[in-house]
Amino acid sequence: RWLLRWHGAEAYRHLFLGYRQRPLSMNRWRLDAEFGRQRLAGVNPRMIRRFDRIPENFPVTDVVVHGLMDPGETLASAMARKRLYCCDYRILEGISVKEGRYLTQPITLFYVGSEGQFLPIAIQLFQSPDAGPIFTPNDDPGLWLAVKTFAQSADAQVHEVIEHLLHGHLIVEVFDVAMHRTLPDAHPINQLLSPHLEYTMAVNESARTKM
C-alpha cells in the first residue's frame, strides 16, 4: 500500500529501496544496446528470427537506416553476412484493448555490427506501412525512446500471454487433469507430480476470470 504514493518509474525505484540490489538495467534502459540485450537475454528470445529478405509490409531501405550500420554496409550485404535479425509481433494483430490503452504489432530490425552488439536500427509499430512510418535512432531521441517502449510492451504481451500463460500454465493444466483422472493418489507418478501441480488449477482459474 505504501508503494501507491508513487507512480511510474518513481514507484519502481522505491520498490528496491532497502530490499534488494537494484537491477543494472535501471541505469541503462534507455540505451539501444540494452534494448537489444534484453531481446537476447530477456524473457522472450524465441521471437528473434534472421532477416534474410525485405517483406512488402516492412519497406526498409538503405536510406532509412543510413549511418546505422558499419561503413560500407548495406542491407543486402548485411543480410548476406547474416547480420540482420528481426522480431515480428504480427500475432498481436486484432487483439482488443481497454479504452485509453494502446497495443502495437511492431516489426523490429536489429543489426550485429563489427563490435558484436545486437542493436535496433529500425522499428515499424504496425504491420502495415500505411499505418505509420519506420522509426530509427536517427529520429528525435524522445520519439525513438517512445517507439522502443511500445515495442518493449508488445514483447511483454507476447511473452505473458503465449510463452507464460499458454505454453506454461495452460499446457501444464492438461497434465494435472490427466493425472487426477487416471492415477490413484498412491501412484508413484502422482506422488512425484503433485507438489509441482498443487496450485495449477487455482492459478489458471484466477487467470481466466480475474485478469
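In the block above lies the structure referred to throughout.
Here we summarise the structure given alongside this text. (Residues numbered from 1 in each chain as written. Predicted model: local features only at pLDDT ≥ 70, side-chain atom pairs only at ≥ 80, totals over all residues. Heavy atoms only, no water.)

Examining the pairing of strand S4 (residues 118-124)
Then comes step 1: Most of S4 is tucked away: six of the seven residues are buried.
Then comes step 2: Two strands pair when backbone bridges link them, and strand S3 (residues 107-112) and S4 are joined in this way by six bridges, in the antiparallel orientation. Bridge assignment links Tyr-111 to a residue of S4, and that residue is Leu-119.
Then comes step 3: In textbook terms, the turn of a hairpin is the stretch between consecutive antiparallel strands, and for S3 and S4 this stretch comprises five residues, one of which, Gly-116, has a positive phi near 80 degrees.
Then comes step 4: With two bridges joining them, S4 and strand S5 (residues 134-135) adopt antiparallel strand pairing. Within S5, the position partnered with Gln-124 by the bridge is Ile-134. (Buried < 20%, exposed > 50% of the residue type's maximum accessible area, 1.4 Å probe, protein only. Helix = DSSP H or I, 4+ residues; strand = E, 2+ residues; numbered from the N terminus. Pairing = 2+ DSSP bridges.)

Topic: the packing of aromatic side chains
Then comes step 1: Counted according to the given criterion, the structure contains four aromatic pairs.
Then comes step 2: Note on Phe-35 and Phe-110: the rings are 6.0 Å apart at their centroids and 15 degrees apart in plane angle, and the pair reads as stacked. Residue Phe-35 is located in helix H2 (residues 32-41), and its partner Phe-110 is located in strand S3; the two are separated by 75 residues in the primary sequence. Of the two residues, Phe-35 and Phe-110, both sit in the buried class.
Then comes step 3: Where Tyr-85 meets Phe-118, the ring centres are 6.0 Å apart and the plane angle is 50 degrees; that geometry is what we call tilted. Of this pair, Tyr-85 sits in strand S2 (residues 84-88) while Phe-118 sits in strand S4, placing them 33 residues apart in sequence.
Then comes step 4: Every member of this aromatic cluster is reached through a ring pair, and the members are Phe-35, Tyr-85, Phe-110 and Phe-118.
Then comes step 5: Across the ring face of Phe-35, the terminal group of Arg-39 is positioned such that the distance to the ring centre comes to 4.7 Å. (Phe/Tyr/Trp six-rings, centres within 6.5 Å; stacked < 30°, edge-to-face > 60°. Lys NZ or Arg CZ within 6 Å of the ring centre and 35° of its normal.)

Section: the packing of H2 against helix H4 (residues 141-182)
Then comes step 1: At a minimum axis distance of 12 Å, the contact between H2 and H4 shows a crossing angle of 10 degrees. Put simply, H2 runs roughly parallel to H4. For the pair formed by H2 and H4, the contact residues are Asp-32, Phe-35, Gln-38 and Arg-39 on the first element and Trp-144, Lys-148, Ala-151, Gln-152 and Asp-155 on the second.
Then comes step 2: A class-by-class count of the residues in the contact of H2 with H4 yields three nonpolar, two polar and four charged. (Axes fitted to C-alpha atoms, helices over the stretch in contact; angles between N-to-C directions. Parallel < 35°, antiparallel > 145°, perpendicular 65-115°, else oblique. Contact = heavy atoms within 4.5 Å. Nonpolar A, V, L, I, M, F, W, Y, C, P; charged D, E, K, R; others polar.)

Looking at the pattern of salt bridges
Then comes step 1: Under the defined criterion, the tally for this structure stands at 10 salt bridges.
Then comes step 2: A salt bridge links Arg-46 to Glu-163; the nearest nitrogen and oxygen atoms lie 3.1 Å apart. With Arg-46 in the loop between H2 and strand S1 (48-50) and Glu-163 in helix H4, the pair connects residues that are 117 residues apart, well separated along the chain.
Then comes step 3: We note a salt bridge from Glu-173 to Arg-208, for which the minimum N-O separation is 3.0 Å. Separated by 35 residues along the polypeptide, Glu-173 in helix H4 and Arg-208 in helix H6 (residues 200-210) bring together distant segments of the chain.
Then comes step 4: Via salt bridges that share partners, Asp-70, Glu-73, Arg-81 and Arg-83 belong to a single interconnected network. (Salt bridge = Lys/Arg side-chain N within 4 Å of Asp/Glu carboxyl O.)

Topic: the side chain of Asn-190
Then comes step 1: With respect to the helices and strands, the residue Asn-190 is situated in helix H5 (residues 188-197).
Then comes step 2: If we skip the residues at most four places from it in the chain, Asn-190 touches Met-179, Leu-183, Pro-184 and Asp-185.

Considering a nonpolar patch on the surface
Then comes step 1: Together, Leu-166, Ile-171, Val-174 and Phe-175 make up a nonpolar patch on the protein surface, roughly 380 Å² of accessible area in all.
Then comes step 2: Judged by relative accessible area, which is 38%, Ile-171 ranks as partly exposed. (Patch = residues over 30% accessible without salt bridge, like charges linked within 9 Å, V, L, I, M, F, W, Y side chains within 5 Å. Areas by Shrake-Rupley, 256 points an atom, 1.4 Å probe, with all protein chains shown as cover.)

A word on the pairing of S3
Then comes step 1: Counting buried positions along S3 gives five out of six residues, so the element sits mostly inside the fold.
Then comes step 2: In terms of strand pairing, S2 meets S3 through five bridges, oriented antiparallel. Residue Tyr-85 lies in a different strand from S3, and its bridge partner there is Phe-110.

Topic: the sheet that holds S2
Hydrogen bonding along the main chain pairs the strands of a sheet, whether they run parallel or antiparallel.
Then comes step 1: With respect to topology, five strands assemble into an open sheet ordered S1-S2-S3-S4-S5, the strand pairing being antiparallel. Looking at which strands have only one partner, the edges of the open sheet turn out to be S1 and S5.
Then comes step 2: Strands in contact with H2 are S1, S2, S3 and S4; relative to S4, the strand with the most contacts, it is inclined by about 95 degrees.
Then comes step 3: Across the sheet, H4 lies against S3, S4 and S5, angled at about 90 degrees from S4, the strand it touches most.

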